[in-house]
Amino acid sequence: MSELALFGGPKAITKDPGDLFKWPIITKEDEDAVLDVLRSGSMSGTDVTREFEKEFAAWQGLDLALGFSTGTAAIQSAMFGCKVGVGDEIICPTVTYWASGLQAFTLGATVVFANVDPDTLCIDPNDIEHRIGPRTKAIVVVHYTGHPADMDPIMAIAKKHGIKVIEDVSHAHGGLYKGKMVGTFGDVAAMSLMSGKSLAIGEAGILATNDREIYERAIAFGHYSRYRAEDMETESLKAHAGLPMGGYKYRMHQMSSAVGRVQLRHYNDRMLEIRKGMNYFWDLLEGVPGIKAHRVDEKTGSTMGGWYAPKGLYKSEELGGLSVTRFCEAVRAEGFDGCSPGCNLALHTHSLFQTLDVYGHGKPTRIANADRDVRELDKTLAPSEEIGAKSYSIPWFKHFEPEKIEEYAKAFKKVAMNYKELLKDDPGNPAEIGGWHFFQHSPKK
């Protein structure tokens, strides 16, 4: 009988995972904080949110923070804060969740996509500069699935060309790049804090910056109750105070900010627990052919934060050309249901960024206000279209329970070491691997 469970062998994973994947961790402290908001009737107020903003800014190591209803709203407001407007361009990695860049459309701007580095899965610093044009306003850097982007060369490029850097930290709360927290390198950081993230407080987002004008423009864009002339230091904003400049109502719900205050107090300790479990998993798989860790070398002072939606890197050539689809099928049979091939599909391949006229301009929205047809630049993005065949989902351990983690590592190793049995009936990979909304936010054993 084959050793592989796919062919009738015993499963590698036999233990009940228990709370190994349960997230977020909610205690009576969180519940009491929410009840305080409910009982006071201040769900739509800002007093609790303002306290959370102060605490978050201090934790992030920045001067200012502003709570939002979603991460999507926070990133859009960061763009507005950086004066992205009609006819402007932002540069964004093509492999990311759509909310890292699509909001530019609502500002009358467009997205120029860049390739991602196949080892970090973050924007490739070597693929940015040739995409900069006279209307480029900002680079959006995504610390993808917890891996910090290579910020030193990115910041050097931005400084050289006088453009802003927006860090999307939705996947990497608390992560470090060379000893410094991600989100503190660019002009502004923005991120999701929704319930599936590593810093999970509810349906919410937050922006953080040291730039007073960016912060005040973000307030003016969608925080009507806080857009008051007497609070503004930016002269150009004072005359228009009272109503939101973007016509949006983006404040954070105070049940979320109440949970946020509690979660933030415990996040560093919980993040360390995740880090310990995830690194143990990859240490067990060191040297196994075909699979490579998607993680940083912590000796450099970098870390993966909360390891949101972690991935592995797949080396098909080391396994006789076995498809990642077949590999994942075999791992699922071993007992890890969450092993899926791929990651986010390359955004530039979606019709929304090629042909769709969203707002009735009579031409594709992506080029409706552009000085150049930025779609021409997509022809050099083929490497990113292949990323799905080179990545797969791994377990996201929330606790360090060695005996359980060892079983999951055994499942991956077992499949890799017996790959020859899988080659015979390998159907290959489908044309598309991954999805536009790829991440699993519910626990999978």
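Residues numbered from 1 in each chain as written. Predicted model: local features only at pLDDT ≥ 70, side-chain atom pairs only at ≥ 80, totals over all residues. Heavy atoms only, no water.

Undergrad: Whenever I open this one, the pairing of strand E9 (residues 205–209) confuses me. Can you help?
TA: In regular strands, side chains alternate between the two faces of the sheet. Counting buried residues along E9, five of its five residues qualify, which places the element largely inside the surrounding structure. When strand E8 (residues 188–192) meets E9, the two strands line up antiparallel, connected through four bridges. Directly across from Ala190, in E9, lies its bridge partner Leu207. (Buried < 20%, exposed > 50% of the residue type's maximum accessible area, 1.4 Å probe, protein only. Helix = DSSP H or I, 4+ residues; strand = E, 2+ residues; numbered from the N terminus. Pairing = 2+ DSSP bridges.)

Undergrad: Just checking my understanding: could you explain the sheet that holds strand E11 (residues 311–314) for this structure?
TA: Within a sheet, neighbouring strands are paired by backbone hydrogen bonds and run either parallel or antiparallel to one another. Taken in spatial order, the three strands line up as E10-E11-E13 in an open sheet, and their pairing is antiparallel. Looking along the sheet, the strands with just one partner apiece sit at the ends: strand E10 (291–293) and strand E13 (391–393). Across the sheet, the mean angle from the axis of one strand to that of its neighbour is 40 degrees, orientation sign disregarded. Taken together, the three bridges between E11 and E13 define a ladder with antiparallel strand orientation. Within E13, the residue paired with Gly312 across the bridge is Tyr392. Across the sheet, helix H8 (residues 324–333) is in contact with E10, E11 and E13; its angle to E13 comes to roughly 20 degrees. (Axes fitted to C-alpha atoms, helices over the stretch in contact; angles between N-to-C directions. Contact = heavy atoms within 4.5 Å.)

Undergrad: Is there a simple way to think about the environment of Pro17 in this case?
TA: Looking at the element boundaries, Pro17 is found in the segment before helix H1 (28–40). Using a relative accessible area of 14% as the deciding quantity, one classes Pro17 as buried. Spatially, the C-alpha atom of Pro17 lies 9.5 Å from that of Glu401, the residues being 384 residues apart in sequence.

Undergrad: Even after reading the chapter, I still don't get the packing of helix H3 (residues 71–81) against helix H5 (residues 212–222), so can you show me in this structure?
TA: A pair of packed helices is characterised by two quantities: the angle between their axes and the separation of those axes. At their nearest, the axes of H3 and H5 sit 8 Å apart, and the two run at 120 degrees to each other. Regarding the angle of H3 to H5, the classification is oblique. Pair H3 / H5 crosses with right-handed handedness. On H5, the residues touching Gln76, Ser77, Phe80 and Gly81 of H3 are Ile214, Arg217, Ala218 and Phe221. Taken together, the residues of the contact of H3 with H5 sort by class into four nonpolar, three polar and one charged. (Parallel < 35°, antiparallel > 145°, perpendicular 65-115°, else oblique. Left-handed = near helix turned anticlockwise from the far one by under 90°. Nonpolar A, V, L, I, M, F, W, Y, C, P; charged D, E, K, R; others polar.)

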